[in-house]
Amino acid sequence: MAHRLIIENLSLQYSSSEPKALSSLSVDVPAGSCCAIIGPTGAGKSTLLHCLAGTMHRQHPESVASGRLQLGETRFEGLPDHILFPVAALVLQDPYVQISGVRDTVFEEILFTLENLGAAPQNPRKIIMPLLQRLGIDHLANRKPTSLSGGETQRVALAAILVAQPSILLLDEPTSALDSNAQDKLRAILRSLRGTTTVMMSDTQIDFALAIADQILLLDHGTIVFAGSPSALLSRAREYSSIIPVESWLATQSFLTSLQTSSGHQKLISKALGLQ
């Protein structure tokens, strides 16, 4: 079941002697919706996702945080002191590091997640194969996980997370290693999760986020400089051209507004471009 995610005045320093990596972040992500965090490299996107996943203190035990997090009905003052998987599940930017390397097939790799949770079913094929089909990788079930392409590995890493049925799915720049075809498949997968899983993803680009997100956060130097809908961001895109690459989308927006809305062409083209 999807969880609502609330962040209240979250600030983080990697140590007490360092400047803030995150500064007074607040956002409310409704259950079952998708929130995209965009911004330049170093803006704090990955840092925020690690805070939400409960992995920050393990990686940086000297980190100092203030503020509050709420995942569903569970509240944390500062940061969680333990990894929150499977309630909140993080898919890293480099999917290869999430492949265990101890299983010989993709099927066994996915099963490994359930075994670690003590939740392996009597007939795992009934659980795993439909998930692989949903992700378009059922043909890889008997392949060696370490022999796959970047896009295939990314979807296997995602399957290994989704099989645990997380309430909140966190994706760190999931499109960075994907070609356009693989991005289309990932877009369809994330849309299929709407309503059942709360999704928060990061990206340095704007295109994918605009096509998939209900809500967008624009971070710069650890601070939220914009929070709102994709259409609201597009309407103010020129304000942020020094932070994110918006030129192609400004050109697209100009083209769409030049069409006759009553003809229906604008709606069809918007849908084809992933704007709807």
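Use the structure listed above.
Conventions and cut-offs
- Residues numbered from 1 in each chain as written.
- Predicted model: local features only at pLDDT ≥ 70, side-chain atom pairs only at ≥ 80, totals over all residues.
- Heavy atoms only, no water.
- Helix = DSSP H or I, 4+ residues; strand = E, 2+ residues; numbered from the N terminus.
- Buried < 20%, exposed > 50% of the residue type's maximum accessible area, 1.4 Å probe, protein only.
- Contact = heavy atoms within 4.5 Å.
- Areas by Shrake-Rupley, 256 points an atom, 1.4 Å probe, with all protein chains shown as cover.
- Expected span 1.5 Å × (residues − 1).
- Arc of directions from axis to C-beta.
- Polar contact = N/O pair within 3.5 Å; in protein donor to acceptor, adjacent residues only side chain to side chain.
- Axes fitted to C-alpha atoms, helices over the stretch in contact; angles between N-to-C directions.
- Parallel < 35°, antiparallel > 145°, perpendicular 65-115°, else oblique.
- Left-handed = near helix turned anticlockwise from the far one by under 90°.
- Nonpolar A, V, L, I, M, F, W, Y, C, P; charged D, E, K, R; others polar.
- Pairing = 2+ DSSP bridges.
- Salt bridge = Lys/Arg side-chain N within 4 Å of Asp/Glu carboxyl O.

Participant: Tell me about the overall build of the protein, and name the residues and values.
Facilitator: Per the secondary structure count, the protein includes 10 helices and 10 strands. Within the protein, the fraction of its 276 residues that count as buried is 51%. Expressed as a percentage of contacts within the protein between residues at least 6 apart in sequence, the contacts between residues at least 24 apart total 64%. Carbon and sulfur atoms make up 50% of the accessible area of the protein, which totals about 12800 Å².

Participant: Lay out helix α6 (residues 180-192) in plain terms, naming residues and giving numbers.
Facilitator: Helix length check: α6, at 13 residues, gives a terminal C-alpha distance of 19 Å against a target of 18 Å (1.5 Å per residue), a fit within 8%. All of the buried residues in α6 are A182, L186, R187, I189 and L190. The buried residues of α6 occupy an angular sector of 165° when projected down its axis, which confines them to one face. Those residues of α6 hidden inside the fold are in contact with α4 (125-134), α5 (150-162), β7 (168-172), β8 (198-203) and α7 (207-212). N-cap assignment for α6: the residue whose side-chain oxygen lies 3.2 Å from the backbone N of N181 is D179.

Participant: Quick one: what's the story with the side chain of T55, residue by residue and with numbers?
Facilitator: Counting through the fold element by element, T55 comes out in the loop between α1 (45-53) and α2 (56-59). Judged by relative accessible area, which is 13%, T55 ranks as buried. Residues in contact with T55, not counting those within four places in the same chain, are H50, I83 and L90.

Participant: Residues and numbers for the packing of helix α3 (residues 106-116) against α4, please.
Facilitator: For the pair α3 and α4, interaxial distance at closest approach is 10 Å and the crossing angle is 120°. When the axis of α3 is compared with that of α4, the two are oblique. Note that α3 runs across α4; the crossing there is right-handed. Counted together, V106, F107, I110, L111 and L114 of α3 and R125, I127, I128, M129, L131 and L132 of α4 form the full contact between these two elements. Looking at the contact of α3 with α4 residue by residue, the classes come out as 10 nonpolar, no polar and one charged.

Participant: Tell me about the sheet that holds β7, and please be specific about residues and values.
Facilitator: Pairing is mixed in the open sheet, where six strands are placed in the order β6-β7-β8-β3-β9-β10. Two strands in the sheet have a free side with no partner beyond their single neighbour: β6 (88-91) and β10 (223-228). Between one strand axis and the next, the sheet turns by 15° as a mean value, whatever way the strands run. The pairing of β6 with β7 spans four bridges and is classified as parallel. Paired with A89 across the bridge in β7 is L169.

Participant: Let's hear about the environment of A53: which residues, and what values?
Facilitator: Tracing the backbone through its elements, the reader meets A53 in helix α1. Considered as a pair, A53 and A89 are 36 residues apart in the sequence and their alpha carbons are 6.2 Å apart. The residues contacting A53, other than those within four sequence positions of it, are H82, I83, L84, L90 and L170.

Participant: Run through the pattern of salt bridges, naming residues and quoting values.
Facilitator: If charged atoms from side chains of opposite charge come close, those side chains can pair. Tallied over the entire structure, the rule returns nine salt bridges. The salt bridge partner of E77 is R68, with a shortest N-O separation of 4.0 Å. Across the salt bridge formed by D104 and K144, the nearest N and O atoms sit 3.9 Å from each other. Of this pair, D104 sits in the loop between β6 and α3 while K144 sits in the loop between α4 and α5; the two residues are 40 residues apart in sequence, bridging distant segments of the chain. Bridged by salt links that share partners, the residues E8, R68, R75 and E77 form one connected network.

Participant: Describe the environment of L92, naming the residues involved and giving the relevant values.
Facilitator: With respect to the helices and strands, L92 occurs in the loop between β6 and α3. Separated by 82 residues in the primary sequence, L92 and P174 have C-alpha atoms spaced 7.7 Å apart. Among residues more than four places away in sequence, those in contact with L92 are H50, V97, Q98 and D172.

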